[in-house]
There are 4 protein chains.
Amino acid sequence: MGNSVNVGIIGASGYSGEELIKLINRHPHCNLQLITSRQYADCPILKIFPRFGDLDHKFEAPNISKMLRSSIDIFFLALPHKVASEFAVPLFKAGRKIIDISADFRLNDKHVYRKYYKIEHQAPELLTESVYGLPEINREKIRYSKLVACPGCYPTSILLPLLPLIRENLVLTEDIVICSGSGVTGAGRKVEQPYLFSECNESYRAYSPVGHRHQPEIEQEISKAAEMPVKINFIPHLVPMNRGMNSTLILKLNGNVTAEKIAECYNKYYNDEKFIRVLSENVMADTKHISQTNNCEIGFAIDAETNKLIVTSSIDNLTKGASGQAVQCMNIIFGLNEYIGLGD
Amino acid sequence: MGNSVNVGIIGASGYSGEELIKLINRHPHCNLQLITSRQYADCPILKIFPRFGDLDHKFEAPNISKMLRSSIDIFFLALPHKVASEFAVPLFKAGRKIIDISADFRLNDKHVYRKYYKIEHQAPELLTESVYGLPEINREKIRYSKLVACPGCYPTSILLPLLPLIRENLVLTEDIVICSGSGVTGAGRKVEQPYLFSECNESYRAYSPVGHRHQPEIEQEISKAAEMPVKINFIPHLVPMNRGMNSTLILKLNGNVTAEKIAECYNKYYNDEKFIRVLSENVMADTKHISQTNNCEIGFAIDAETNKLIVTSSIDNLTKGASGQAVQCMNIIFGLNEYIGLGD
Amino acid sequence: MGNSVNVGIIGASGYSGEELIKLINRHPHCNLQLITSRQYADCPILKIFPRFGDLDHKFEAPNISKMLRSSIDIFFLALPHKVASEFAVPLFKAGRKIIDISADFRLNDKHVYRKYYKIEHQAPELLTESVYGLPEINREKIRYSKLVACPGCYPTSILLPLLPLIRENLVLTEDIVICSGSGVTGAGRKVEQPYLFSECNESYRAYSPVGHRHQPEIEQEISKAAEMPVKINFIPHLVPMNRGMNSTLILKLNGNVTAEKIAECYNKYYNDEKFIRVLSENVMADTKHISQTNNCEIGFAIDAETNKLIVTSSIDNLTKGASGQAVQCMNIIFGLNEYIGLGD
Amino acid sequence: MGNSVNVGIIGASGYSGEELIKLINRHPHCNLQLITSRQYADCPILKIFPRFGDLDHKFEAPNISKMLRSSIDIFFLALPHKVASEFAVPLFKAGRKIIDISADFRLNDKHVYRKYYKIEHQAPELLTESVYGLPEINREKIRYSKLVACPGCYPTSILLPLLPLIRENLVLTEDIVICSGSGVTGAGRKVEQPYLFSECNESYRAYSPVGHRHQPEIEQEISKAAEMPVKINFIPHLVPMNRGMNSTLILKLNGNVTAEKIAECYNKYYNDEKFIRVLSENVMADTKHISQTNNCEIGFAIDAETNKLIVTSSIDNLTKGASGQAVQCMNIIFGLNEYIGLGD
């Protein structure tokens, strides 16, 4: 396979894992060497994910010493938080590259981690090593990172439209309100009653209106951009669809900011970003335009009466919100065309 | 039919009209005398709405002089705005009772009407006669009204949880942010491309983020309760489901207000209201709990870090958000049990 | 409660149980005395089914001696098969009336039961006592029955359109092919991966194409009507919607049978049946016309080229297909208006 | 663009057109030179299909002389029937290659065309020139064809599992019954009331149970394989999902045919076909396994009691059922890897 990147996917039985398998499998420069799952060990991939008709891999039980002996260049961790750390630590120590889709290395502060995840962090020493994997914002750091912490889906959908506005001082950092809605794959493949078809279909509701686990991650990155501590209100909703996520941000404009100014700001940051598409003023983002792609669509409108900016952004929660972004980070790390393997 | 109320439904070919026919038809004290539709004149109801297997009515072309000669006690107008006025004026002058589901008599100020509906109001003299048909708030006025303007679906879902908080001064009137989501019947039965199944399914998006037509109605009623002009941000979303609506309100608490205080306030206003159910702190409303009912579910949570109150409320957009509420108003006007015909 | 029927619902935590609670609760002549659930014993109904805002009952642990001491007139069993028998036997012996929604008393032959349900029947002596609860076909037997076995949802949707044709010899009994599709509530409230939202949504598939558990019940009733053993092909499908079921029957016409003849036959059997609506030739049934009602819609068309009759029928799987039909049987048993409590 | 194939898409404003644009745009050996739409002439593609963020083409008004002067190698016609002929005739005469997604060149007999499409065929002389574009069956003919008539979606889903069985004489040609279900994109982008979200969602129904337009095409191809005229019953259903199609075939086994025999037959025909995946006995096809792919999944089961074979097959109606299959044909014609541009 010559110059291929040898890839291992650890914990691949959920929806992000499935999406990762799909993306890596069709990636022209990747060689999928290992796919693990404790639950499905020794089971052919095809049996669990029948859409992969051309894959003859089996799930393997995860075995850290075998991983360390392998020639795998990069490990994607599609594991629950805490479990991700258990694999990340020995792999990192052995110098292997890691892209973690879990929440374990997103927060810089282990106390915040404990507050939101209700457990002690397993490897606080790595929190200073990890890079927050939002390529449009952190591309250079990602390039040289050995441990990329992929942002959560909600944070991705929120930070992409918000950080440029914060950095350019176009909006205030107080009273930031964000209402997001996610398709049900966002809840993972958890077999629990609230996620049954007949419970979710024809249902729409907010959940975790205070203290959702993605909130500290969002606040951390806004605070960095604002160079001051910022608190937000973030209210996620569950939407009866499979894939897609929309965030609606209500922001206080910083004085007399025009729509042209907003457009200019986005143009400055995103004009060359292939995965980001900023819409004309007053045109709102729609999840259907980006589903099954790695794209982010951003729309905005100004409410003159309240001097507020309304921004909406749509991503696919499994692609740009998880596995697509992870592959984008991998492309950067290995000096590949950043967009390869991620076309529509 | 003895003591029955004789009912006419004017303009009954849309989803609210269909729901009205269903509710009036099964109402034990109503006699459905007239159902009109210009589009379907002379067509059996059954042909357009096959679920009404036991209804042998035909749609009639609307004929105002025939209406005036009839013994109909109350006319429900399920017409587009402006058209509603054309019927309301002669019916009102002739002393007939009217419950209007359109937007024509909700706004007190004809200038605001013109600004949002882009036409001159057809009967500004009636704007002082109409009563805003939110029974839990305006019950006594409705009882003696001859022209009830039923609130829009979004306003109903927003005002029910919000007005008590405003009246009791528990929240500030500044920076009120409301994100709502509606099932697709909320768009009416309009045959337009954006409402095709394949366009709405697996799609979630905000629309009209500034200046939605329901906004002035919401602001008008909040302003009355606050006894001062209030501006809000209201951002509606389209949700891929048939029926149901959820509103999420982000409100600034007025100083040191506890969850107990909020619960007490709701208890004071709604403890005896059969159609309103306030949930325990931190439990959010869900459209599936109220779909196909006239109920409103209200949930709330306090974010101590930002001192904000998050309130969510769910109604069925066609029932409590339109035709159910209209029937509730009718029950009040005719001195019937307010809940009759509206059970689950 | 005067002349009310005292009702107990045994095993009410699934979707049929929920529907039964709703129907009995709003029934003008019923007094809901007992709702049991092992799983949710002592839990307020409202907590599990938040839509019942006005019900202050709690689930009770099922206790047979308490049931026998109670003044309950009729017990609805909304239990899994086998468990239903455990309650049916002592209740029946004590002379209580029973309407069983499970499969335990539908089959007349215990060997067939064992073949399809993989267990010995618990009370074969009751198989001759039970009446198959399809009111439009078996009304008189139901009236005097103490143990009604409510048909399965698929059998109801199939037998209603099929039995009249068989009885009148309009179709042959060979090569009967039936393809049905059911909404996901038909699978019950089972918390299993295949019934997760993200697994069912955007998915459509056949399952159990040979030997589905409802098949022997269908064959048994056809065979009785035909007075000879009949075998069919029955292929159910899972449809991404909550409620509703459609069956499509492909039948060999018995010689030169016209559409008029078919219409006449249906007219003879169903003209006075309020819950059954036969459509004009070539108009097909649609689940949306009957969802949340106790109605059955029947459509038919003749294919002259193959001399076959295509019949489609739609019911709501939880109403006419389960709990609505159970209530209809109860109305018959207690001499009430058969339609009461079952209006749209 | 060196060795690229220059492609024109004529009539690209519907769902098949959109899918074609997507597939051709990402195809490594295609150069998309022309996209026409009468309705959207001069409008940027991006405005109508916002998901194509990287496409700067405009729709052009279709202009046949300009087409003839162009260097376009192959024209895809994604037009309504009859309109397709208007373009096909001059293009064919001028020696251009054509892949027609419409129904105009699928039927060999102009009388059958007239019977089902209610118009005279516009170019009966081309009916002998066109090749039925089902690559797994007709690969060699497609290779040298200048006019490929892509099969309809239903025929594709039916003929792929059925033709091998017919050719090998494993099933009888009498009493073939087929029930299919399609996602709503199958109805095209028609702006008509029956295809509104609120009309299709929570609805499942048969339509055109006799004489659907795809039926003669199915019968024609079966008859060719059987070398005798065959009549079938084909009943399509509308399923509340965007994409995907499942066909369930009920077939009479020809004597004592075992499951092994069926598996062998499929193995013989499809073992080397990358887009076709035959499942183990008794495992049914599922649309979700193949949605957004060019794959066809086939499952089968034998009912020993009736000696019938039940076969189910799933395809994506817009991919293998239309545009994906069209691209597969193009790959064959130009000697490209048949699978290129069509990976998951």
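Because the structure is a prediction, the values reported are computed rather than measured. (Residues numbered from 1 in each chain as written. Chains lettered and ligands numbered in written order. Predicted model: local features only at pLDDT ≥ 70, side-chain atom pairs only at ≥ 80, totals over all residues. Heavy atoms only, no water.)

Novice: Help me understand the relation of the copies chain D and chain B, please; the structure alone is not making it clear to me.
Specialist: In this arrangement, two copies of a chain are superimposed by a rotation about an axis accompanied by a shift along the axis. It takes a turn of 180° to lay chain D on chain B, together with a shift of 0.0 Å along the axis; the resulting RMSD is 0.0 Å. This pairing of chains is accounted for by a two-fold axis. Taken as a fraction of all interface residues of chain D, those also at the interface in chain B reach 100%, which identifies the copy contact as same-surface. (Least-squares fit on C-alpha atoms with pLDDT ≥ 70 in both. Contact = heavy atoms within 4.5 Å.)

Novice: Please clarify how the side chain of Gln220 of chain C should be interpreted in this entry.
Specialist: Note that Gln220 of chain C resides in helix H9 (residues 215–226). Ignoring any residue separated from it by four or fewer positions in sequence, one finds Gln220 of chain C in contact with Arg106, Leu107 and Asn108 of chain C. (Helix = DSSP H or I, 4+ residues; strand = E, 2+ residues; numbered from the N terminus.)

Novice: Would you take a moment to explain the pairing of strand S7 (residues 176–182) of chain B for this structure?
Specialist: The side chains of a regular strand alternate, residue by residue, between the two faces of the sheet. Residue and element names in this part refer to chain B. Buried residues dominate S7, accounting for 7 of its 7 residues. Neither face of S7 is exposed, since Ile176, Ile178, Ser180 and Ser182 on one face and Val177, Cys179 and Gly181 on the opposite face are all buried. For S7 and strand S9 (residues 232–238), the ladder comprises 7 bridges, and the chain directions are parallel. Its bridge partner lying in S9, Cys179 is registered against Ile235. Pairing of S7 with strand S10 (residues 245–252), which is carried by 6 bridges, proceeds in the antiparallel orientation. Across the sheet, the residue bridging to Ser182 is Met245, located in S10. (Buried < 20%, exposed > 50% of the residue type's maximum accessible area, 1.4 Å probe, protein only. Pairing = 2+ DSSP bridges.)

Novice: Please explain the relation of the copies chain B and chain A as it appears in this structure.
Specialist: Between chain B and chain A, which share one sequence, the superposing operator has a rotation angle of 180° and an axial displacement of 0.0 Å; the RMSD is 0.0 Å. Mapped onto chain A, 100% of the interface residues of chain B again fall at the interface, so both copies present the same surface.

Novice: Looking at this structure, I do not really get the interface of chain D and chain B. What am I missing?
Specialist: Quite often, the size of an interface is put as the accessible area lost when its parts meet. Contacts between the two partners involve 20 residues from chain D and, on the opposite side, 20 residues from chain B. Our enumeration of links across chain D and chain B arrives at 2 salt bridges. Residue Glu199 of chain D pairs with Arg189 of chain B through a salt bridge whose shortest N-O separation is 3.1 Å. The tally of links between chain D and chain B comes to 10 residue pairs in polar contact (both at pLDDT 80 or more). A total of 4 residues in the side of chain D that touches chain B trace back to one element, the largest contributor, which is helix H8 (residues 197–200) of chain D. Along the lines of polarity and charge, the residues of the side of chain D that touches chain B split into 10 nonpolar, 5 polar and 5 charged. (Salt bridge = Lys/Arg side-chain N within 4 Å of Asp/Glu carboxyl O. Polar contact = N/O pair within 3.5 Å; in protein donor to acceptor, adjacent residues only side chain to side chain. Nonpolar A, V, L, I, M, F, W, Y, C, P; charged D, E, K, R; others polar.)

Novice: How do you make sense of the sheet that holds strand S13 (residues 308–315) of chain D when you look at a structure like this?
Specialist: Across a sheet, strands are paired by hydrogen bonds formed along the backbone, either parallel or antiparallel in direction. All names here are of chain D. Pairing is mixed across the open sheet formed by 7 strands, whose spatial order is S8-S9-S7-S10-S13-S12-S11. Two strands in the sheet have a free side with no partner beyond their single neighbour: strand S8 (205–206) and strand S11 (276–278). Judged from the 8 bridges that link them, strand S12 (residues 296–303) and S13 form a sheet pairing that is antiparallel. Counterpart to Ile298 in the pairing with S13 is Ser313. Across the sheet, helix H7 (residues 153–167) is in contact with strand S7 (176–182), strand S9 (232–238), strand S10 (245–252), S11, S12 and S13; its angle to S10 comes to roughly 35°. (Axes fitted to C-alpha atoms, helices over the stretch in contact; angles between N-to-C directions.)

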